[in-house]
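Residue-level structure breakdown
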Amino acid sequence: MKTITWRIIVTLALPVLVVLLWSFLARHIANEVILPFVGQVAHLLFRPTENLISMGSLLDNIVVSLVRVLLGYALAVLIGVPLGIVMGYYGLVFQVFNNFLSLFRPIPPLAWVPLVMAWFGVASLATLVGIELGQWYVYLHNIKFSMLFIIFIGGFYPILTSSIHGVKNVQKILIDSARVLGARESDIFRKVLLPAAAPAIVNGMRIGLGIAWMCLVSAEMLPGSLSGVGYLITHAYTVARTDIVIAGMISIGAVGAMLDLIFRLWENRKFSWQRQQK
Amino acid sequence: MQNPVIKIDNLSKDFVTERGDLIKALDQIQLQVKMNDFLCLVGPSGCGKSTLLRIAAGLEQASAGTVCFHGTPMTGPHREIGMVFQEYSLLPWRSVRDNVSLGPEFQGQTKKERREIARRFLQLVRMEGFARCYAHELSGGMQQRVAIARALANNPEVLLMDEPFGALDAHTRILLQKELLRIWGEHRKTILFVTHSVDEALYLADRIVVMSARPGRIREMVEVPLSRPRDRGDPWYGRMAVKILTWLEEEVSASEPNR
């Protein structure tokens, strides 16, 4: 009982301290554009469905952002994982792709923005499916190709790298023993390489999702964007609503941490064999 | 004489090291393994005995010569040739049961059949109580029992064993040697067994192949006339152990400058 209480105290000590410091400073500065009161931000966070500066509610904007990130991220997983596995297993494929891909790795996702704008402009999923009217147009037009691309780039490299290393680090003995038991090449991939590399791959997917989420703000600052938390906070800044900026930032942090937690729970459940092996 | 199950003909294997040096691992090996033979390979470390086994398993290609299984040259792993490795090789994310039924799974057998096969072979190695355990929950000896069951579950005619008891403590090792002989007696497999222990070879084998230091050649072939179970105190056993050890010592000292 004492240990649980103690753990709660240890976990909450720093956040409470920061909030106290914040409210002290806010009172001292007394300028809500520089630092709004804790109560103002809390008010926004506790009423996430309230319409803000005629840009929809906080919750609406978070949902829009989440959909964008998950779409771009899904693309990164769909391409990064299979490519990484094949690159990790076949030396020739690795040689063909590695140098080429390494050339693009150091380019920050943000540096892609001008090129991406030139390529995609304001084209969106709505353009792709050819809908130009109605509620669906509003939804689909929110998902711009340029945004998906930036988010994709952010998530792709950690996923690719960890998939390659996951497969390269699979003990040769496991592959050999499957082969003498009559495994075909497809069996090797599905029943040895994939499960053996899964902890590394999922770890890369977790990091990739974190970075994809971080690319959100830059993606939502792109022209043509009229929604999303990233846009909400930049727009709130232009109208001097720092309380909305902070509430938005806290939401971005909280959602990111939650996504990370989901992944960690998944890792703990699925890959206990790996932890206990050591 | 009956046709050999495995016929190794003029087999040589060269390696190129990272520095580009050519190393002759095996040189013109001639060996025939008959049906139900229990053959042990002993030799100084680095003499290529494991390489020979890996080639026989179809995991590596020979540089020259052939390995024939019932007269057909081997080109890759073969269903009728199973293998047990020295390193622990169970898939750590699969339960013991799902490891043992891996071979039948690759052959496309149904889940029900696989369960039954796993049960039968786990019983054979006295591990039926551990079907739902994972490798990390088992001792080294238990893991090797499961690895043997896994190899046998594919019902191969030949079992290749690469120092399977090498990593085990002396007591467990002797226990598993006895178990292996029991299983071999019941299932009449043809076994090709690599070991660095002369005692293990004398205790297990019908014939012992003594290999030379690198490049690996066959130096001597010893027929073991003793009946089983063997008595380690038998005078012939002791004399032969000393003799083989002397041969190995000669090989090691002959290659000393290169080590």
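Quantities reported herein were computed from a predicted structural model and do not represent experimental measurements. Every chain is numbered on its own, with residues counted from 1 as its sequence reads. Following the order in which they are written, the chains are lettered starting with A and the ligands numbered starting with 1. Since the coordinates come from a predicted model, pLDDT governs what is reported: local features require at least 70, and pairs of side-chain atoms require 80 or more to be given and counted, while whole-chain, interface and lining totals use all residues. Hydrogens and water are ignored here; the side-chain numbers use all heavy atoms of the structure.

Let us now look at the pairing of strand β8 (residues 190-194) of chain B. Residues and elements named next belong to chain B. Counting buried positions along β8 gives 5 out of 5 residues, so the element sits mostly inside the fold. The rule is simple: take the accessible area with a 1.4 Å probe, protein chains only, and divide by the maximum for that residue type; under 20% is buried, over 50% is exposed, in between is partly exposed. The secondary structure listing takes helices from DSSP runs of H or I that are at least 4 residues long and strands from runs of E that are at least 2 residues long, numbered from the N terminus. Side chains Thr190, Leu192 and Val194 project from β8 onto one buried face, and the interleaved Ile191 and Phe193 project onto a second face that is buried too. Direction of pairing for strand β3 (residues 38-42) relative to β8: parallel, over a ladder of 4 bridges. When the sheet's bridge partners are listed, cysteine 40 is paired in β8 with phenylalanine 193. Taken together, the 5 bridges between strand β7 (residues 158-162) and β8 define a ladder with parallel strand orientation. Think of it this way: DSSP has to see at least two bridges between two strands before they count as a pair.

Attention now goes to a nonpolar patch on the surface. A grouping of Ile4(A), Ile8(A), Leu12(A), Val16(A) and Leu20(A) is seen on the molecular surface, where their side chains present a nonpolar patch of about 470 Å² in accessible area. Looking at where Leu12(A) falls in the secondary structure, it is placed in helix α1 (residues 2-29). Any residue with relative accessible area above 30% and no salt bridge may belong to a patch, with like charges joined within 9 Å and the nonpolar Val, Leu, Ile, Met, Phe, Trp and Tyr side chains within 5 Å. Using a 1.4 Å probe, accessible areas were evaluated by the Shrake-Rupley method; residue-level cover was limited to the displayed protein chains. For salt bridges, the criterion is a side-chain nitrogen of Lys or Arg within 4 Å of an Asp or Glu carboxyl oxygen.

Now for the interface of chain B and chain A. Between two residues, a contact is recorded if the distance between any of their heavy atoms is within 4.5 Å. On the chain A side, the residues contacting the 26 residues of chain B number 20 residues. Both faces considered, chain B and chain A share a buried interface measuring about 2000 Å² in area, 67% of it formed by carbon and sulfur atoms. Once two parts are put together, the accessible area they lose, assessed with a 1.4 Å probe and summed over both, is termed the buried area. On the chain B side of the interface with chain A, the three residues burying the most area are Trp93(B), Phe106(B) and His136(B), jointly 37% of the side's total. Inspection of the region where chain B meets chain A yields 2 salt bridges. Note that Asp176(A) and Arg54(B) form a salt bridge whose closest N and O atoms lie 3.0 Å from each other. Distance and chemistry together define a polar contact, namely a pair of N or O atoms within 3.5 Å, with one atom able to donate a hydrogen and the other to accept it when in protein, and with adjacent residues in sequence counting only for side-chain atoms on both sides. For the interface between chain B and chain A, the tally reads 3 residue pairs in polar contact (both at pLDDT 80 or more). Elements that contribute at least two residues to the side of chain B that touches chain A include exactly β6 (81-84), α3 (102-106) and α5 (140-153) of chain B. The leading source of residues in the side of chain B that touches chain A is α3(B), at 4 residues. Split by residue class, the side of chain B that touches chain A holds 14 nonpolar, 7 polar and 5 charged. Each residue is assigned to one of three groups, with Ala, Val, Leu, Ile, Met, Phe, Trp, Tyr, Cys and Pro labelled nonpolar, Asp, Glu, Lys and Arg labelled charged, and all others, Gly among them, labelled polar.

All names here are of chain B. With an omega dihedral of -5 degrees, the bond running from arginine 214 to proline 215 counts as a cis peptide bond. With respect to the secondary-structure elements, proline 215 resides in the loop between β9 (207-211) and β10 (218-223). Residue proline 229 is reached from arginine 228 by a cis peptide bond, and omega for that bond is -5 degrees. With respect to the helices, strands and loops of the structure, proline 229 is situated in the loop between β10 and α8 (235-254). Of note, arginine 126 is a non-glycine position whose phi angle comes to about 60 degrees, a positive value. Relative to the helices and strands, arginine 126 is located in the loop between α4 (111-124) and α5. You can call arginine 126 partly exposed: its relative accessible area is 47%. Backbone geometry at arginine 188 places phi at a positive 45 degrees, although glycine is not the residue there. One can find arginine 188 in the loop between α6 (170-187) and β8.

Residue and element names in this part refer to chain B. For helices, the axis comes from a line fit to the C-alpha atoms of the stretch in contact; other axes are also lines fit to C-alpha atoms, and the angle between any two N-to-C directions lies between 0 and 180 degrees. The geometry of α5 relative to α6 is characterised by a closest axis approach of 11 Å and an angle of 20 degrees between their N-to-C directions. In terms of orientation, α5 and α6 fall into the roughly parallel class. Pair α5 / α6 crosses with right-handed handedness. Across the interface between the two elements, Gly141, Gln144, Arg145 and Leu152 of α5 pack against Thr172, Leu175, Leu176, Glu179 and Ile183 of α6. Our angle categories are set so that under 35 degrees counts as roughly parallel, over 145 as roughly antiparallel, 65 to 115 as roughly perpendicular, and the remainder as oblique. In this scheme, a crossing is called left-handed if the near helix is turned counterclockwise away from the far one by less than a right angle; it is called right-handed if the turn is clockwise.

By convention here, two paired aromatic rings are described through the distance between centres and the angle between planes. Residues and elements named next belong to chain A. Stacked, edge-to-face and tilted labels apply to pairs of Phe, Tyr and Trp rings (six-membered ring for Trp) whose centres lie within 6.5 Å, assigned for plane angles under 30 degrees, over 60, and everything in between, in that order. Within the structure shown, the criterion is met by 17 aromatic pairs over all chains. Taken together, a centroid distance of 5.1 Å and an interplanar angle of 65 degrees make the contact between tyrosine 89 and tyrosine 90 edge-to-face. By relative accessible area, which is 24% here, tyrosine 89 ends up partly exposed. For tyrosine 90, a relative accessible area of 30% corresponds to the partly exposed category. Ring centres of phenylalanine 263 and tryptophan 266 lie 5.8 Å apart, and the angle between their planes is 55 degrees; this geometry places the pair in the tilted category. Note that phenylalanine 263 and tryptophan 266 are positioned in helix α12 (residues 242-270) at a spacing of 3 residues, about one turn of the helix. Residue tryptophan 266 is classed as partly exposed on the basis of its relative accessible area, which comes to 37%.

Tracing the backbone shows Lys191(A) in helix α10 (residues 185-220). A distance of 3.1 Å separates the side chain of Lys191(A) from the side chain of Glu105(B), its partner in a polar contact. Ignoring any residue separated from it by four or fewer positions in sequence, one finds Lys191(A) in contact with Leu91(B), Trp93(B), Arg94(B), Glu105(B) and Phe106(B).

Right, let's get into the sheet that holds β10(B). All names here are of chain B. Spatial ordering of the open sheet is given by β6-β7-β8-β3-β9-β10, a layout of 6 strands whose pairing is mixed. In this open sheet, the two edge strands, each paired with only one partner strand, are β6 and β10. For this sheet, the mean angle separating the axes of adjacent strands, direction not counted, is 15 degrees. Along the sheet face, α8 touches β3, β9 and β10 and points at about 175 degrees away from the line of β10.

As a further point, take the confidence of the model for chain B. The predictor's confidence in any single residue is recorded as pLDDT, a number from 0 to 100. Predicted confidence across chain B gives a mean pLDDT of 90, with 98% of residues reaching 70 or more. With a pTM of 0.81, the predicted complex shows an ipTM of 0.89.

Tracing the sequence through the fold places Gln177(B) in helix α6. In contact with Gln177(B), other than residues within four places in its own chain, are Phe165(B), Glu200(B), Tyr203(B), Leu204(B) and Arg232(B).

Let us now look at the sheet that holds strand β4 (residues 64-69) of chain B. All names here are of chain B. Reading across the sheet, the 4 strands line up as β2-β1-β4-β5 and stay open at both edges, with antiparallel pairing between neighbours. At either end of the open sheet lies a strand with only one pairing partner, and these are β2 (22-33) and β5 (72-73). With respect to the sheet, helix α1 (residues 49-56) is in contact with β1 (6-16), β2 and β4, its orientation differing from that of β1 by roughly 120 degrees.

All names here are of chain B. Per the stated rule, a full pass over the model turns up 25 salt bridges over all chains. Two residues, glutamate 60 and arginine 54, come together in a salt bridge whose shortest N-O distance is 2.6 Å. Of the residues examined, arginine 54 reaches a relative accessible area of 15% and is grouped as buried. Measuring nitrogen to oxygen at the nearest pair gives 3.0 Å for the salt bridge that ties aspartate 206 to arginine 228. On the criterion of sequence distance, the pair formed by aspartate 206 in the loop between α7 (198-204) and β9 and arginine 228 in the loop between β10 and α8 is long-range, its members being 22 residues apart. Connected via shared salt-bridge partners are Arg126, Arg145, Glu179, Arg182 and Glu186.

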